[in-house]
Amino acid sequence: MTIDLASHPLTAWTGPLGLPDYGAIRTEDFAPVFDAALAAHAAQIATIAANPATPTITNTLAALELAGEELGHVAAIFWGLAGAHTNPDIQALERDLAPKMSRHFSAISMNPDLFARIDDLWNRRADLELDGETARVLELTWKGFVRSGAKLDDAGKARLAEINEKLAGLGAAFGQNVLADEAGWALILDDADVEGLPDFLTAAMAEAAESRGEKGRYAVTLSRSIYEPFMTLSLRRDLREKAFHGFTMRGQNGGEHDNSAIVAETLALRAEKARLLGYETYAALKLDNTMAKTPDAVMGLLEPVWDMAKGKAAADAAELRRIAAASGHNHEIAGWDWRFFADRLRAERYAFDETELKPYLQLDNIIAACFDVANRLFGLSFEEKPDLKVWHEDARVFEILNGDGTSRGVFIADYFNRPTKRSGAWMSALQSAHKLEGGQPPIIYNVMNFAKPAPGKPALLSMDEARTLFHEFGHALHGMLTEVTWPSVSGTSVPRDFVELPSQLYEHWLTVPQVLEKHARHVKTGDPMPRALIDKLTAAQAFDQGFATVEFTASALMDMAYHQQADMPADAIAFEAETMAKLGKPEAIAMRHRTPHFAHVFAGDGYSAGYYSYLWSEVLDADAFAAFEETGDPFNPDLAEKLKTHIYAAGGSADPEALYTAFRGRMPSVDAMLKGRGLAVHSEREM
């Protein structure tokens, strides 16, 4: 079958606002279109590599950046569906495509004629009179080829390609196994089991049960939007224990969906890859192109925070035991108890709890708050297009408008949990913005996993979920506001430990009092959140940060422990237990992501030896928001313009340290982050 890539709906996007026509997309079309697009891209690469003319920025670097548009289009649609609305056919194709795509890009990065042209430009860079962004793109491209094996001998190239292909397949299988465990597990309950739970939670649980064929009953699922409030509010300790084990054992239940062997093989292959490329460990390889640069720098941040967090958690645990004993519970605090008694401790200290906040956090109002902050800081506005349909009926489409009313691009938001969607929350792009040879506008999307309310009922968020929405929208703004020329440094194409700065920084505006007063409106009365409640929320922001910091930092330390091994032990799960014991992790606090479901690290390569970056970026974001606080105006226009220019619009066009220093005038110390987490010590240590 001949595929016309110039007209096929998977590669030629002719829908309104430049979107794909999802109504014309059929799952069975993906395989042949991928084959045709891969062949077309390979032919374009061959033409660039065989060009007899002297290499120039235009005929080599720009040509390489612009090649493969059709492949980019079909891949963007496919991987979007694989994450947000999958099915067995897509999953089967995903297992086939992951290694096939790896082979394709390995062949490009190891093409000797293509690398010779890039190498020629690199060696002549001082004479090419390049602007700063182009010089950085050339540097990143050259280093990318070298790190992908361009300088290896033929045997080394073949082995590296084999490793990359195998890793791609393992990552796809890992993610699918976690999804299978999450979709297949539910704790089905009856009326007596949910006594004492608030209406917002029982409504979500009833909807989840009905979607699983259990109408009239209630389901605890492994979606955080149901799991976490259930663990916080359920009076039934026995049921909390069952849910806790279901959540923490994802990917480690034996059988065909167990990830233990996949993890061990992945780690062994990564260690071999690092050695092949001349690095002592995989962590050294991954950190070479980051702000941190070395494993020692990462551990220099994580280890003191870990020690402070354990001390804070121990003090909090004593308080939880006091609360438990006062209510007649004399058992030790277990993993399924912490959230429950912490909620009661928060109520004692600050005279409010999550159920008091939630009626003020309607999903639509928090979306409006996100948009309002973006307008006040950056001049953007968003116009919903309800008639435009994408991959699922729940996904909403908005046109992004500049301050002068002109169109800037498209934002798609898919908020609700469903069995066909992987867990978590993320931002991605169907199309990244750039200005090279006419350029293209951004098409950015956010995916969440909030509990879907019953028909006709409003969706209510927890404060953590509201922060997640702001967080992912901060990533989206990084893609929307980009003003770069080169595609490869567009938007979020920055070092991993810088990419979380725009997202984590944006979270701060959620709790700015004037934002809450305007948008946090009671679901029944429409009244704004009382200032007294806002003050309590502000006072309680550092509450239970011992727990939060331990659960996060345990995962970050585990990630580093795995990837600093030159030779991995055969049993990765046993190594996890040994590492946590050596670190002295509190028994009552589970890792935020245990190894068998640590998708950040094992369902692909994105955050491997990089999960620390959330904390690294938190040092940056706390210091950056402090700059606004120092002016007395959280929307200070001069500072907002600098933030836009040097952070959100700059993408990866310059070194992150240079970008941050241009915004702030200096690099940050860790003090603002420690203060925000209630772990403050006087350090004055700069990153």
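Structure: see above.
The rules we used
Residues numbered from 1 in each chain as written. Predicted model: local features only at pLDDT ≥ 70, side-chain atom pairs only at ≥ 80, totals over all residues. Heavy atoms only, no water. Helix = DSSP H or I, 4+ residues; strand = E, 2+ residues; numbered from the N terminus. Rg over C-alpha atoms; globule rule 2.2 N^0.38 Å. Buried < 20%, exposed > 50% of the residue type's maximum accessible area, 1.4 Å probe, protein only. Areas by Shrake-Rupley, 256 points an atom, 1.4 Å probe, with all protein chains shown as cover. Lys, Arg positive; Asp, Glu negative; His and termini not counted. Charge placed at Lys NZ, Arg CZ, Asp CG, Glu CD. Axes fitted to C-alpha atoms, helices over the stretch in contact; angles between N-to-C directions. Parallel < 35°, antiparallel > 145°, perpendicular 65-115°, else oblique. Contact = heavy atoms within 4.5 Å. Nonpolar A, V, L, I, M, F, W, Y, C, P; charged D, E, K, R; others polar. Pairing = 2+ DSSP bridges. Arc of directions from axis to C-beta. Polar contact = N/O pair within 3.5 Å; in protein donor to acceptor, adjacent residues only side chain to side chain. Salt bridge = Lys/Arg side-chain N within 4 Å of Asp/Glu carboxyl O.

Engineer: Could you clarify how one ought to interpret the overall build of the protein in this entry?
Structural biologist: Regarding its fold elements, the protein presents 27 helices and seven strands. Expected size for 687 residues packed as a compact globule is a radius of gyration near 26 Å; at 25 Å, the protein falls within 12% of this value. With the C-alpha coordinates aligned to their principal axes, the bounding extent of the protein is approximately 80 × 60 × 55 Å. Residue burial in the protein is summarised as follows: out of 687 residues, 55% are buried. Accessible area for the protein stands at about 26900 Å²; split by element, carbon and sulfur atoms hold 50% of it. Here the protein carries 66 positive and 97 negative side-chain charges, and the mean point of each set is 3 Å from the other.

Engineer: Whenever I open this one, unusual backbone geometry confuses me. Can you help?
Structural biologist: It is generally the case that most residues other than glycine have a negative phi and that most peptide bonds are trans. In this model, glutamate 437 sits at a positive phi of 45 degrees, which is unusual for a non-glycine residue. Position of glutamate 437 relative to the elements: it lies in the loop between strand E6 (426–431) and strand E7 (443–450). Among the residues examined, glutamate 437 registers a relative accessible area of 61% and is labelled exposed. In this structure, alanine 609 takes a positive phi of about 50 degrees despite not being glycine. Here alanine 609 shows up in the loop between helix H23 (599–602) and helix H24 (613–631).

Engineer: Looking at this structure, I do not really get the packing of helix H1 (residues 30–50) against helix H4 (residues 88–109). What am I missing?
Structural biologist: The N-to-C vectors of H1 and H4 enclose an angle of 5 degrees; their axes lie 11 Å apart at closest approach. Taken as axis vectors, H1 and H4 run roughly parallel relative to one another. Residues Phe30, Ala31, Phe34, Asp35, Leu38, His41, Ala42 and Ile45 of H1 touch H4, and the partners they reach there are Leu93, Leu97, Lys100, Met101, His104, Phe105 and Ile108. Residue classes in the contact of H1 with H4 are distributed as eleven nonpolar, two polar and two charged.

Engineer: I tried to follow the sheet that holds strand E3 (residues 381–384) on my own but got confused; where do I start?
Structural biologist: Whether parallel or antiparallel, the strands of a sheet pair through hydrogen bonds between backbone atoms. Spatially, the five strands line up as an open sheet ordered E3-E4-E5-E7-E6, and their pairing is mixed. Of all strands in the sheet, those bounded by a partner on one side alone are E3 and E6. Across the sheet, the mean angle from the axis of one strand to that of its neighbour is 30 degrees, orientation sign disregarded. Across five bridges, E6 lies against E7 in antiparallel orientation. By the bridge assignment, methionine 427 is partnered in E7 with asparagine 446.

Engineer: Is there a simple way to think about the pairing of E7 in this case?
Structural biologist: The two faces of the sheet receive side chains in turn, since in a regular strand these alternate between them. Most of E7 is tucked away, with eight of its eight residues classed as buried. Residues Ile443, Tyr445, Val447 and Asn449 point to one face of E7 and Ile444, Asn446, Met448 and Phe450 to the other, with burial holding for every one of them. Of the strand pairs in this sheet, strand E5 (residues 407–416) and E7 are connected by six bridges, and their pairing is parallel. If you follow isoleucine 412 over to E7, its bridge partner there is tyrosine 445.

Engineer: Explanation requested: the side chain of threonine 248 in the structure shown.
Structural biologist: Relative to the elements of secondary structure, threonine 248 occurs in helix H10 (residues 237–248). The class for threonine 248 is buried, based on a relative accessible area of 9%. Contact partners of threonine 248, with chain neighbours within four places excluded, come to Ala590, Arg594 and His597.

Engineer: Please explain helix H26 (residues 656–664) as it appears in this structure.
Structural biologist: The α-helix advances 3.6 residues per turn, and as a result positions three or four apart in sequence lie on the same side. Along H26, the residues that are buried comprise Pro656, Leu659, Tyr660, Phe663 and Arg664. Taken down its axis, H26 places every buried residue within 115 degrees of arc, on the same side. Two or three places before glutamate 657, at the start of H26, stands the capping residue aspartate 655, its side-chain oxygen 2.9 Å from that residue's backbone nitrogen. Directly beyond the C-terminal end of H26, a positive phi value near 90 degrees is found at glycine 665.

Engineer: Sorry, what's going on with the pairing of strand E4 (residues 396–401) here?
Structural biologist: The element E4 is extensively covered by neighbouring structure, given that five of its six residues are classed as buried. Alignment of E3 against E4, held across four bridges, turns out to be antiparallel. Among the inter-strand pairings, phenylalanine 382 is bridged to a residue of E4, identified as isoleucine 400. Bridge count between E4 and E5: six bridges; the pairing is antiparallel. Note on E5: the bridge partner recorded for phenylalanine 398 is phenylalanine 411. Adjacent in sequence and paired antiparallel, E4 and E5 are bridged by five residues, among which glycine 405 carries a positive phi angle near 90 degrees.

Engineer: I keep staring at the pattern of salt bridges and nothing clicks. Help me out?
Structural biologist: Side-chain pairing between opposite charges can occur once the charged atoms of the two side chains come close. Taken as a whole and judged by the stated rule, the model has 49 salt bridges. Salt-bridge contacts for arginine 147 lead to aspartate 288; the nearest nitrogen and oxygen are separated by 3.9 Å. Of the two residues, arginine 147 is situated in helix H6 (residues 132–147) and aspartate 288 in the loop between helix H12 (282–287) and helix H13 (295–326); the sequence distance between them amounts to 141 residues. For aspartate 288, a relative accessible area of 38% puts it in the partly exposed group. With its nearest N and O atoms 2.8 Å apart, the salt bridge here joins glutamate 483 to arginine 408. Of the two residues, glutamate 483 sits in the loop between helix H17 (463–480) and helix H18 (496–507) while arginine 408 sits in strand E5, which places them 75 residues apart along the sequence. If you follow the salt bridges from partner to partner, you end up with Asp394, Asp414, Arg418, Lys421 and Lys452 in one network.

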